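Results of the structural survey
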Amino acid sequence: MLDVGIVGASGYTGVELIRILAGHPQVRLTVATSRQYAGKNVAEVFPSLNKRIDIRCENLGVEELLSRADFFFAAVPHKTAMDIVPQLLQAGKKVVDLSADYRLHDQAVYEEWYQPHSSPEFLGEAVYGLPELYRDDIRPARLVANPGCYPTSVILALAPLLREGFIDPATIIIDSKSGTSGAGRAAGVANLYCEVADSFKAYKVGGSHRHIPEIEQELSLAAQSEVRVSFTPHLLPISRGILSTIYATPNEKSNQTDLHELYNDTYGSEPFVRVLPAGRQPATQHVRGSNCCDIALQADTRTGRIIITSVIDNIGKGASGQAVQNMNIMNGFAEEAGLMGAAFFP
């Protein structure tokens, strides 16, 4: 059994990690940290976990954590992670970091969008944790930067087209919608029920969302040339889920058969990416609570564009589920271990 710790267990990604790990056949959750709930049983903080796991939240420093686990999930905010992760690595631990602190390869780009980086020496070592693209690099890694939720939905949807030079990168427009859990568990007026229910709005319009450099970094690598995108996120009045609708112009005339052949060749053997048959569209309720990404493709013959739609659970494949998928790969477990539960429906 692998002893695993969660640093920052009281947010939505933390509780989802606990839920998944509680049913994982090859790991044992030995420590879960939380300043706010220190001393309380996890099931007291999250009643959904009652009789599923018996562990207390603790407020521990890094030195105290080292003897408690061999593998750690850092589920803390940006900047906090870069204060913790280097110490864990230097002690010989393996880490999946769920913040943005090690996702961007270029220090200058990170600092333009976030804040000064205190451990840039690890940026070159960190592996971007999208298994469908970087599985072989993840396997020997000791530090994996878990992707953001919006980027996961977008990169999986676009990578096959860009790798094959199928579309003009300059024409990419991304319209993404997320449930409110994407904003985290901290109290805020914008996330109150009365502010969100019966409403639908765009935010961070005009190229200001922090996931843009991450999306452009990975799409540029797939295309082997610089890619800049128009990305607009929206807030849905649902608890969890992301739907991305992406538009692009093909370099040559395309048809439905070619599109499906390309995506089935790319993702046909992937356990968590499901390419939908022609005529079907994905829905967030079909991936809710799962680690799946559903993708649909449509050749718009009237406008000459390609339309790709993808859905994920922003806490699942967009965060904690993908983090466990990366942990499995890093430790030689079956990649699907603990993650094959079907989506919640209805």
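Before reading further, recall that the structure is shown in the block above.
This section reports on the structure supplied with the text. (Residues numbered from 1 in each chain as written. Predicted model: local features only at pLDDT ≥ 70, side-chain atom pairs only at ≥ 80, totals over all residues. Heavy atoms only, no water.)

The next point concerns the overall build of the protein. Within the protein, the secondary structure is distributed over 11 helices and 14 strands. For the protein, the C-alpha radius of gyration of 20 Å lies close to 20 Å, the compact-globule estimate for 346 residues. For the protein, the C-alpha atoms occupy an extent of roughly 60 × 45 × 40 Å along the three principal directions. Among the 346 residues that make up the protein, the fraction classed as buried is 56%. Intrachain contacts of the protein at a sequence separation of at least 6 include 70% that bridge at least 24 residues. As displayed, the protein offers around 15,100 Å² of accessible surface, 48% of which is attributable to carbon and sulfur atoms. Side chains of the protein carry 30 positive and 38 negative charges; the gap between the two charge centres is 7 Å. (Helix = DSSP H or I, 4+ residues; strand = E, 2+ residues; numbered from the N terminus. Rg over C-alpha atoms; globule rule 2.2 N^0.38 Å. Buried < 20%, exposed > 50% of the residue type's maximum accessible area, 1.4 Å probe, protein only. Contact = heavy atoms within 4.5 Å. Areas by Shrake-Rupley, 256 points an atom, 1.4 Å probe, with all protein chains shown as cover. Lys, Arg positive; Asp, Glu negative; His and termini not counted. Charge placed at Lys NZ, Arg CZ, Asp CG, Glu CD.)

What follows deals with the sheet that holds strand β3 (residues 57-58). In spatial order, the strands read β3-β2-β1-β4-β5-β7-β6; together these seven strands make up an open sheet with parallel pairing. Edge positions in the sheet fall to β3 and β6 (127-128), since each has one partner strand and no second. (Pairing = 2+ DSSP bridges.)

Right, let's talk about the packing of aromatic side chains for a bit. Throughout the structure, instances matching the rule amount to five aromatic pairs. With centroids separated by 4.9 Å and ring planes inclined at 15 degrees, the aromatic side chains of Y110 and Y114 adopt a geometry described as stacked. Comparing Y110 with Y114 shows no difference in burial state: the two are buried. When the centroid spacing of 6.3 Å and the interplanar angle of 90 degrees are considered together, the rings of Y128 and Y134 count as edge-to-face. For Y134, a relative accessible area of 18% corresponds to the buried category. (Phe/Tyr/Trp six-rings, centres within 6.5 Å; stacked < 30°, edge-to-face > 60°.)

In this section: empty space enclosed by the protein. Per the counting criterion, the structure on display carries one cavity of 30 Å³ or more. Each pocket or cavity is described by its volume, and for the largest cavity that value is around 40 Å³. Taken together, E195, V196, S199, F200, K201, L235 and L236 make up the lining of the largest cavity. For the lining of the largest cavity, the class distribution of residues is four nonpolar, one polar and two charged. (1 Å grid on protein atoms, 1.4 Å probe; cavity = no way out; pocket = protein on both sides within 12 Å on 5 of 7 lines; lining within 4 Å. Points joined across faces, edges and corners; volume = space filled by probe spheres on them. Nonpolar A, V, L, I, M, F, W, Y, C, P; charged D, E, K, R; others polar.)

This part is about the environment of P140. For P140, the location among the structural elements is in the loop between α6 (131-138) and β7 (143-145). Residues P140 and P233, spaced 93 residues apart in sequence, show a C-alpha to C-alpha distance of 34 Å.

A separate point is the side chain of N326. By secondary structure assignment, the location of N326 is in helix α11 (residues 316-330). With sequence-adjacent residues up to four places away left out, N326 is seen in contact with V96, G129, P131, I138, V144 and N146.

Let us now look at unusual backbone geometry. Put simply, F345 and P346 share a cis peptide bond, and its omega is 0 degrees. Within the secondary structure layout, P346 lies in the segment after α11. Its identity as a non-glycine residue notwithstanding, K79 has a phi of 80 degrees, on the positive side. Structurally, K79 is set in the loop between β4 (71-74) and α4 (80-90). Not every positive phi belongs to a glycine, and K204 is a case in point at roughly 50 degrees. In this fold, K204 is placed in the loop between β9 (201-202) and α9 (212-223).

Our focus in this paragraph is the packing of helix α7 (residues 149-163) against helix α10 (residues 256-267). At a minimum axis distance of 10 Å, the contact between α7 and α10 shows a crossing angle of 110 degrees. Here α7 is positioned roughly perpendicular relative to α10, judged by the angle of their axes. Between α7 and α10 lies a crossing of right-handed hand. When α7 is examined against α10, the residues I155, L156, A157, L158, A159, P160 and L161 are found in contact with a partner set consisting of L259, L262, Y263, T266 and Y267. (Axes fitted to C-alpha atoms, helices over the stretch in contact; angles between N-to-C directions. Parallel < 35°, antiparallel > 145°, perpendicular 65-115°, else oblique. Left-handed = near helix turned anticlockwise from the far one by under 90°.)

Bringing the pattern of salt bridges into the picture now. The full count for this structure, using the stated rule, is 14 salt bridges. A salt bridge links D175 to K177; the shortest N-O distance between them is 3.6 Å. R240 is the salt-bridge partner of D313, the closest N and O atoms lying 2.7 Å from each other. Linking D313 in the loop between β14 (305-312) and α11 with R240 in the loop between β10 (230-235) and β11 (242-248), this pair joins segments that are 73 residues apart in sequence. Salt bridges linked by common partners bring E16, R19, R240 and D313 together as one network. (Salt bridge = Lys/Arg side-chain N within 4 Å of Asp/Glu carboxyl O.)

To continue, consider the nonpolar core. Counting 80 residues, the largest nonpolar core has F73, L158, L161, I172, I308 and M327 as the members making the most contacts within it. Broken down by element, the residue count for this core peaks at 10 residues, all from α7. For F73, the contacting residues outside a window of four places in its chain are V4, G5, I6, V7, L17, L21, V96, L98, A323, V324 and M327. If you look at the next biggest cluster of nonpolar residues, it comprises 27 residues, including A81, I84, L104 and A126. (Core = buried A, V, L, I, M, F, W, Y, C linked by side-chain atoms within 4.5 Å.)

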